[in-house]
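Observations on chain architecture
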Amino acid sequence: MTALPPSAELPSAELSIETRGLSKRFGRQMAVDGVDLAVPRGSVFGFLGPNGSGKTTTIRIMLGLAAASSGSVRVLGEEMPRQLRTVLPRVGALVEGPAFYPFLSGAANLLRFDAADPEAPAGTRRARVRTALERVGLAHAADKKVRAYSLGMKQRLGIANALLAPRELLVLDEPTNGLDPQGTREVRHLVRSLAADGATVFVSSHLLAEVEQICTHAAIMSAGRLVAQGPLAELRQAGQSRVRLLTPDAGAAARVMAGLGLTPDGGGISNGGSAGTWGEVLYAPLPAGSAAGAPSPEELVAALVAADVRVRGFAVEQGSLEDRFVELTGEGFDVAQ
Amino acid sequence: MPGLRLLGSELGVLFRRRRTWAMLLALAAIPVLIAVAVRLSSAVPPGRGPAFLDRISQNGLFAGVTAMLVAVPLFLPLTIGVVAGDTVAGEAGLGTLRYLLAAPAGRGRLLVVKFAGAVVFAVAAPFTVALVGAGIGAALFPVGPVTLLSGDSIGAAEALARLLLIAAYLAVSLVGLSAIGLFMSTLTDVPVGAMAATVVFAVVSQVADALPQLEWLHPWLFTHRWLDFADLLRQPIVWDSFAANALLQGGYLAVFGALAYARFTTKDVLS
């Protein structure tokens, strides 16, 4: 695997979360296997991976809910779980979906969780709960029983719980689950404003588009291993570029490309039914950098034209995070919304 | 004190649950049922039905004593099983356990608070039976001096005090079962399982207590002294059985409390 080095080896003091060789074994299965995460302070960090890749287990270990089988975790510069009491009051968390007492109101639920934090001042509790509810747009439903909340409202309440006190780090596991597009936008806005206040935001998500929109950094998990991490721009660049060719002479074009050492990927249905009035679309990955014998895009066009291929569209496409992801994990990604 | 605030929150959650009130109401129904049945029947022949049943019509306070006797073997353990079995497993089942621990409540502190909540219920339950029993008894029957087992007679006010003393005896009796329930609750994320296991413990212990073949085991059973509150009905009060019971329950609390602590402070919370 093409693991990137931990984010340019930042000194530990600059990291909000740092894991070294973190592993968690359940029976014979390694749920988390030798993960070295490095989450820079002040970043909005996207934690990506397909379901079952070990994201939530990693988060549980970070928060001291589960013990690591081996390896170490530092959160906000302190060792976890040894310094749990001093670290966790500075961390807001939404872990594996919201969970509440259905027979209590939204506000009563937040009062309960806040009372569990020994560092949270009781005098300001009600005011802080009200502020947090307002911040996620739930002030009108504060006195309603959570039993009557919709999934989206519970999700907002879960985020409000993470915002009960000023936090240095927010760990948000799938924060937009169950939210409508408007709610998703609000959460994005919220994440940006939290980051603007100086907090580090660690967002785990399977919605790649979301991570691309709000994150400055990202890490990709696959089958318990960390397969890549770094600033988003670097991750994108590391992805492979490809050429996109629109032509009615697909067969001839494919032969020319193959002759130049490229491997064109058949047009038509597999690429989304692109056989239109203008012809078919062919994709071919471009070998990275200046690999020996690789044609430059302009040489490719010249060769195609010389072979009487009618070139009606030609583009070099920068690899997206999604391509990068598929390349690293060999799995598809849910890019809904 | 953050710990006390968490306890306040815990009791708030416990007593804002409809289930808690339903159980207390069901317990309160026992003396009401007994008293009304006695009132509607012409005369209770002595020596039939629960002890003291025949004396309710002479003195209403006995409705409380009779109801407690009836509630001890099953009804009280059932409600304690529900509350104590729910302590940790209930939070795990709802998923709120991870948020309490991430707050961070602290595992040891949370466990102590959870147990304290269960004990508060273990106090509330027998006192509910006793007080409702005394109330309904006083409403339907005359209340007067009570003749104790020692032959002495005490006034109604002191008789009520003795009644509450029996309730306190039962509350102490239920501490051991609460500790067992707490431990069961740390073993699973399914509250119903922990509740059932706790009630089964109480039943099995009482069955074992009834088998003469297991006589060597009897003094060690946490249910062994559950009905030994007759000493509280003597003049002067003999405290021996109260003390022996408290010691027995304290032993169970120490053992199962330690087991619960060892389990809960090391387990992975994956719910």
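For the structure itself, consult the block above.
Since we're looking at a predicted model, the values are computed, not measured.

This part is about a nonpolar patch on the surface. Residue and element names in this part refer to chain B. Together, Leu74, Phe75, Leu78, Val203, Val207 and Leu211 make up a nonpolar patch on the protein surface, roughly 470 Å² of accessible area in all. Every element with two or more residues in the nonpolar patch is listed here: α4 (75-94) and α8 (191-210). Mapped onto the secondary structure, Leu74 falls in the loop between α3 (62-71) and α4. Note on Leu74: relative accessible area 41%, which makes it partly exposed.

Residues and elements named next belong to chain A. Within the open sheet, the three strands sit side by side as β13-β12-β14. Their pairing is antiparallel. The open sheet is flanked by β13 (280-285) and β14 (313-317), the only strands paired with a single partner. Averaged over all adjacent pairs, the angle separating strand axes in this sheet is 15°, with direction ignored. Bridge count between strand β12 (residues 242-247) and β13: six bridges; the pairing is antiparallel.

Side chains carrying opposite charge are able to pair once their charged atoms draw close together. Residue and element names in this part refer to chain A. Applying the stated criterion across every chain yields a total of 23 salt bridges over all chains. Note that Arg90 is salt-bridged to Glu78, the shortest N-O span being 3.9 Å. A residue pair is termed long-range when its members are at least 10 positions apart, and Arg90 in the loop between α2 (84-87) and β7 (91-94) and Glu78 in strand β6 (residues 78-80) qualify at 12 residues. Its relative accessible area of 23% is what places Arg90 among the partly exposed residues.

As a further point, take the sheet that holds strand β9 (residues 200-205) of chain A. Residue and element names in this part refer to chain A. A sheet is described by the order of its strands in space; here six strands give the open sequence β7-β8-β9-β4-β10-β11, paired in mixed fashion. Every interior strand has two partners, whereas the edge strands, β7 and β11 (225-231), have only one. The mean inter-strand angle of the sheet, taken between neighbouring strand axes irrespective of direction, is 10°. Pairing of strand β8 (residues 169-173) with β9, which is carried by five bridges, proceeds in the parallel orientation. Across the sheet, residue Leu169 finds its bridge partner in β9, namely Thr200.

Residue and element names in this part refer to chain A. Of all hydrophobic cores here, the largest spans 166 residues; its most connected members are Val91, Val201 and Phe202. The residues contacting Phe202, other than those within four sequence positions of it, are Ile17, Leu37, Val39, Phe45, Phe47, Ile59, Met62, Leu169, Leu170, Val171 and Leu172. If you look at the next biggest cluster of nonpolar residues, it comprises 12 residues, including Ala253, Leu262, Leu282 and Val309.

Residues and elements named next belong to chain A. Structurally, Thr200 is set in strand β9. Judged by relative accessible area, Thr200 falls into the buried class, the value being 2%. There is a polar contact of 2.9 Å between the side chain of Thr200 and the backbone nitrogen of Gly42. Contact partners of Thr200, with chain neighbours within four places excluded, come to Ser16, Val39, Pro40, Arg41, Gly42, Ser43, Glu168, Leu169 and Leu170.

Analysis parameters
Residues numbered from 1 in each chain as written. Chains lettered and ligands numbered in written order. Predicted model: local features only at pLDDT ≥ 70, side-chain atom pairs only at ≥ 80, totals over all residues. Heavy atoms only, no water. Patch = residues over 30% accessible without salt bridge, like charges linked within 9 Å, V, L, I, M, F, W, Y side chains within 5 Å. Areas by Shrake-Rupley, 256 points an atom, 1.4 Å probe, with all protein chains shown as cover. Salt bridge = Lys/Arg side-chain N within 4 Å of Asp/Glu carboxyl O. Helix = DSSP H or I, 4+ residues; strand = E, 2+ residues; numbered from the N terminus. Buried < 20%, exposed > 50% of the residue type's maximum accessible area, 1.4 Å probe, protein only. Pairing = 2+ DSSP bridges. Axes fitted to C-alpha atoms, helices over the stretch in contact; angles between N-to-C directions. Core = buried A, V, L, I, M, F, W, Y, C linked by side-chain atoms within 4.5 Å. Contact = heavy atoms within 4.5 Å. Polar contact = N/O pair within 3.5 Å; in protein donor to acceptor, adjacent residues only side chain to side chain.

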